[in-house]
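The residues making up each chain are set out below.
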Amino acid sequence: MTANLLEFDLEGLAVFCDGLGEKRFRATQLFRWIHQRGASDFNQMSDLAKSLRQKLQSHAHISALPVISQHISSDGTIKWLFDVGDGNAIESVFIPEDDRGTLCVSSQAGCAVGCRFCSTGHQGFSRNLTTGEILAQLWFAEHFLRQHLKTDERVISNVVMMGMGEPLQNYSALVPALRTMLDDHGYGLSRRRVTVSTSGVVPMMERLSADCPVALAVSLHAPNDALRDNLVPLNRKYPLDELMQTCIAYLAHAPRDFITFEYCMLDGVNDQPEHAEQLIDLVQKHARQGLRCKFNLIPFNPFPASGLLRSPHARVQAFAKKLQDAGLVTTIRKTRGDDIDAACGQLAGDVKDRTQVQTRIAQQRTIALVPVSSLDYPRDQ
Ligand code: SAH
Ligand code: SF4
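What you see is a predicted model; the values in this text were computed from it and never measured.

**Q** What is the right way to read the site of ligand 1 from this model?
**A** Looking at ligand 1, there are 20 residues lining it, with Phe-117, Gly-165, Ser-197, Ser-219 and His-221 nearest. Side-chain polar atom of Glu-166 to a nitrogen atom of ligand 1: 3.4 Å apart, as the coordinates give it. In this structure, an oxygen atom belonging to ligand 1 sits 3.5 Å away from a main-chain N or O atom of Thr-198. Among the residues making up the shell around ligand 1, the classes are represented as nine nonpolar, nine polar and two charged.

Below is the structure:
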């Protein structure tokens, strides 16, 4: 078995190269070829000595994930479904905006947290992704889009770990992936443009602030423990006060940073005026201890098994206004890509039927034969 070089951050690649008797600067060159230029063939790497290329041929490979399908929304959002083996699939979503291109990345096949309003949660947990599987999503999307848009410029300016899975329950694979995103020899993203979203895995939030302090989004969804216990089962282990204290500690060394609290608006469940009032109290109480935050209200994307409904827009607006009037910065998330089931919480890539996966992979191979430029962003209607 040879090593897939997408599994390594620069440090890891340096160790691997050292094992081949190669100096560190060779690892840097190799890393740049892989992540900055999207190379997967060692023969392309013209500035590496032939002897090194030969060693790499026999000890290493650079393998992306097979693409099962690609859907393009009428708003330009693109969703890819990737095969991760054993009948499991994961999804990544590219969201183009005027001033940025955001990739929403998955960290697990399924999720063990089991939030009531999340279709990934309903599907259960299959397994953690490896560092290479997390990075393969960015590697593929970035270089696919560059080729497609015929540009050498960076297309993806922001990464959000908001796809399938709880990133902080896959910590050891996550951190080298984040480091590669931030590395100047990798994707060179600033730490404020990489966001980890968590349902509140307190001990790992503490570790992340020390190991790789990227932007943090916390999925709050409820202003009190009784309701949050019900919606986000992890709250029973790490209740709100502990979560707030951990957010405060996360911000302690970064005076310009803030936490984004995500709040999914569920009709009649967490969207009443008293919930907004409790939320204001909760945040104001902790503001005195150094909590800085913004709110992002997410219109719930319904799916039948949840038994829940989306709050009417007027109620979301009234909720936002209450928070804003109390001085809390609050935005309402625009739903993107819902015509292709790419919106938040609609990602459910667990393809139970293996034959179906095989058929879709076979179809994908046909797609792969079409030159990328001729795909011309077909829009799903
Ligand atoms: N596990 C992490 C990251 C993935 S979920 C987390 O929970 O934060 C990314 C975001 O989508 C979270 O804020 C989550 O609460 C939200 N979400 C999940 N299901 C949703 C749905 N059906 N409608 C709208 N948002 C949803
Ligand atoms: Fe897991 Fe996040 Fe979905 Fe909750 S919302 S089940 S933590 S992916």
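**Q** Help me out: how do you make sense of unusual backbone geometry in this one?
**A** The phi angle of most residues is negative, glycine excepted, and most peptide bonds adopt the trans form. A positive phi is found at Asp-86, a non-glycine position, where the angle reads about 50 degrees. Tracing the sequence through the fold places Asp-86 in the loop between strand E4 (78–83) and strand E5 (89–97). Looking at Asp-86, the relative accessible area reads 65%, which means it is exposed. The phi angle at His-221 is positive, at roughly 65 degrees, despite the residue not being glycine.

**Q** For this particular structure, what's the right way to read a negative patch on the surface?
**A** Among the surface-exposed residues, Glu-206, Asp-225, Asp-241 and Glu-242 lie close enough to one another that they form a single negatively charged patch. As for its position among the elements, Glu-242 is in helix H9 (residues 240–251). With a relative accessible area of 35%, Glu-242 lands in the partly exposed category.

**Q** Before we go on, may I ask you to explain the UniProt feature "binding site: S-adenosyl-L-methionine" (unreviewed entry) in the chain in this structure?
**A** On the UniProt side, "binding site: S-adenosyl-L-methionine" (unreviewed entry) is annotated at positions that read Gly-165, Glu-166, Ser-197, Ser-219, Leu-220, His-221 and Asn-301 here. Positionally, Ser-219 belongs in strand E11 (residues 215–219). Those residues in contact with Ser-219 that lie beyond four places of it in its chain are Ser-197, Thr-198, Ser-199, Arg-228 and Glu-262. With respect to the helices, strands and loops of the structure, Asn-301 is situated in the loop between strand E13 (293–299) and helix H11 (313–325).

**Q** I keep staring at the UniProt feature "active site" (unreviewed entry) in the chain and nothing clicks. Help me out?
**A** UniProt feature "active site" (unreviewed entry): in the numbering of this structure it lies at Glu-91 and Cys-344. By the secondary structure assignment, Glu-91 is in strand E5. For Glu-91, the side chain forms a polar contact with the side chain of Lys-79, separated by 3.2 Å.

**Q** Can you help me understand the site of ligand 2 in this one?
**A** The full set of residues close to ligand 2 is Cys-111, Val-113, Gly-114, Cys-115, Cys-118, Gly-121, Gly-165, Glu-166 and Ser-199. Split by residue class, the shell around ligand 2 holds four nonpolar, four polar and one charged.

Conventions adopted
Residues numbered from 1 in each chain as written. Chains lettered and ligands numbered in written order. Predicted model: local features only at pLDDT ≥ 70, side-chain atom pairs only at ≥ 80, totals over all residues. Heavy atoms only, no water. Near = heavy atom within 4 Å. Polar contact = N/O pair within 3.5 Å; in protein donor to acceptor, adjacent residues only side chain to side chain. Nonpolar A, V, L, I, M, F, W, Y, C, P; charged D, E, K, R; others polar. Helix = DSSP H or I, 4+ residues; strand = E, 2+ residues; numbered from the N terminus. Buried < 20%, exposed > 50% of the residue type's maximum accessible area, 1.4 Å probe, protein only. Patch = residues over 30% accessible without salt bridge, like charges linked within 9 Å, V, L, I, M, F, W, Y side chains within 5 Å. Areas by Shrake-Rupley, 256 points an atom, 1.4 Å probe, with all protein chains shown as cover. Salt bridge = Lys/Arg side-chain N within 4 Å of Asp/Glu carboxyl O. Lys, Arg positive; Asp, Glu negative; His and termini not counted. Charge placed at Lys NZ, Arg CZ, Asp CG, Glu CD. UniProt positions renumbered as here; feature names shortened; annotations may be inferred. Contact = heavy atoms within 4.5 Å.

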